[in-house]
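Remarks on the overall topology
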Amino acid sequence: MKALCYGTKLIGGYYADRKPELAKRYAIASSRISGARATLRLIDDVPMIQYALEYGWGQNESDRVMALLGVTANLVDLIYYPVEKICWLAEHRIVDVHNYDYWDKVNTIFWVLSVYLNLMRTLRNFGLNQQKLNKLNEMQKPSIDDTVLRKHRLEVCSLVRLTLDFVHAVSYLPKGYLWGGKLSTLQVGAVGTLSSFLYLYQIFTKRNLNK
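The structure contained in this document is the topic of the report that follows. (Residues numbered from 1 in each chain as written. Predicted model: local features only at pLDDT ≥ 70, side-chain atom pairs only at ≥ 80, totals over all residues. Heavy atoms only, no water.)

**Looking at helix α2 (residues 20-40)**
The first and last C-alpha atoms of α2 sit 30 Å apart over 21 residues, in line with the 30 Å expected at 1.5 Å per residue. Listed in full, the buried residues belonging to α2 are Ala23, Ser30 and Ala38. An end-on view of α2 places all buried positions within 75 degrees of arc, on one side of the element. Facing away from the buried side of α2 by more than 90 degrees, the exposed set consists of Glu21, Lys24, Arg25 and Arg32. Considering only its buried residues, α2 is in contact with α1 (2-14) and α4 (64-91). (Helix = DSSP H or I, 4+ residues; strand = E, 2+ residues; numbered from the N terminus. Expected span 1.5 Å × (residues − 1). Buried < 20%, exposed > 50% of the residue type's maximum accessible area, 1.4 Å probe, protein only. Arc of directions from axis to C-beta. Contact = heavy atoms within 4.5 Å.)

**Structural notes on the packing of α4 against helix α5 (residues 100-138)**
Contact pair α4 / α5: the axes reach a minimum separation of 8 Å and the direction vectors enclose 155 degrees. Our classification of the angle between α4 and α5 gives roughly antiparallel. Crossing angle aside, the handedness with which α4 passes α5 is left-handed. Counted by class, the contact of α4 with α5 contains 20 nonpolar, five polar and six charged residues. (Axes fitted to C-alpha atoms, helices over the stretch in contact; angles between N-to-C directions. Parallel < 35°, antiparallel > 145°, perpendicular 65-115°, else oblique. Left-handed = near helix turned anticlockwise from the far one by under 90°. Nonpolar A, V, L, I, M, F, W, Y, C, P; charged D, E, K, R; others polar.)

**Remarks on the nonpolar core**
One finds Met48, Ala52, Leu69, Ala73, Val76, Tyr80, Tyr81, Val83, Val106, Phe110 and Leu117 forming the largest nonpolar core, which totals 11 residues. At the level of elements, α3 (45-55), α4 and α5 are the ones that each hand at least two residues to this core. When residues in this core are grouped by element, the largest group, six residues, is from α4. In contact with tyrosine 80, not counting residues within four places along its chain, are Asn107, Phe110 and Trp111. (Core = buried A, V, L, I, M, F, W, Y, C linked by side-chain atoms within 4.5 Å.)

**Details of the packing of aromatic side chains**
Per the stated rule, a full pass over the model turns up seven aromatic pairs. On the basis of an interplanar angle of 85 degrees and a centroid distance of 5.0 Å, the ring pair of tyrosine 14 and tyrosine 15 is categorised as edge-to-face. When its relative accessible area of 40% is taken as the criterion, tyrosine 14 is described as partly exposed. For the pair tyrosine 116 and phenylalanine 166, a centre-to-centre distance of 5.7 Å together with 45 degrees between the ring planes defines the contact as tilted. Pair noted here: tyrosine 116 is in helix α5 and phenylalanine 166 is in helix α6 (residues 146-170), with a separation of 50 residues, a long-range link. Every member of this aromatic cluster is reached through a ring pair, and the members are Tyr116, Phe166 and Trp179. Its guanidinium or amino end placed over the ring of tyrosine 14, arginine 18 lies 4.0 Å from that ring's centre, counting from NZ or CZ. (Phe/Tyr/Trp six-rings, centres within 6.5 Å; stacked < 30°, edge-to-face > 60°. Lys NZ or Arg CZ within 6 Å of the ring centre and 35° of its normal.)

Structure, rendered in structure tokens:
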């Protein structure tokens, strides 16, 4: 759904000046799919709470930095999900919320923080794995398992994908905050589409690795 959402946004942005009527149709399709995704996220609380409880204080992480990033990311997500629901309820006029723009801004900030923390976790994990691989090479160990190398390369995909997600999230901040409001529809569509396909690639690659 994310790929369809941003794929149609990309097409709409591309035809914005060439074929405005066609661009409008794709923009409507993108908006409807985005709304469906937002609605589906309303049921994400239980899995998120369960994950946070299982994660605990990050006892199983490789170091304290990873644990700190993990716990902080979980706390941010536990706040982000209810705030997003308030915005959804207000947007559909189910409840009256004073100063909707304020809640929408808070929602975007927590979204940016969530993506940023996950990016930092992935970057830290990539660095730790790279150190282990370097030590094995220095010790002239036998050839490293190909599965380990492929998983390590998938971390590169995660870094690229989360970087794209961070660029995308920040673009929804109000103007004056970093590059908030500066990306065109075409650019947002391109960033979101590329991130979506990288995620799909990771899903299918991980499935093959686990066979």
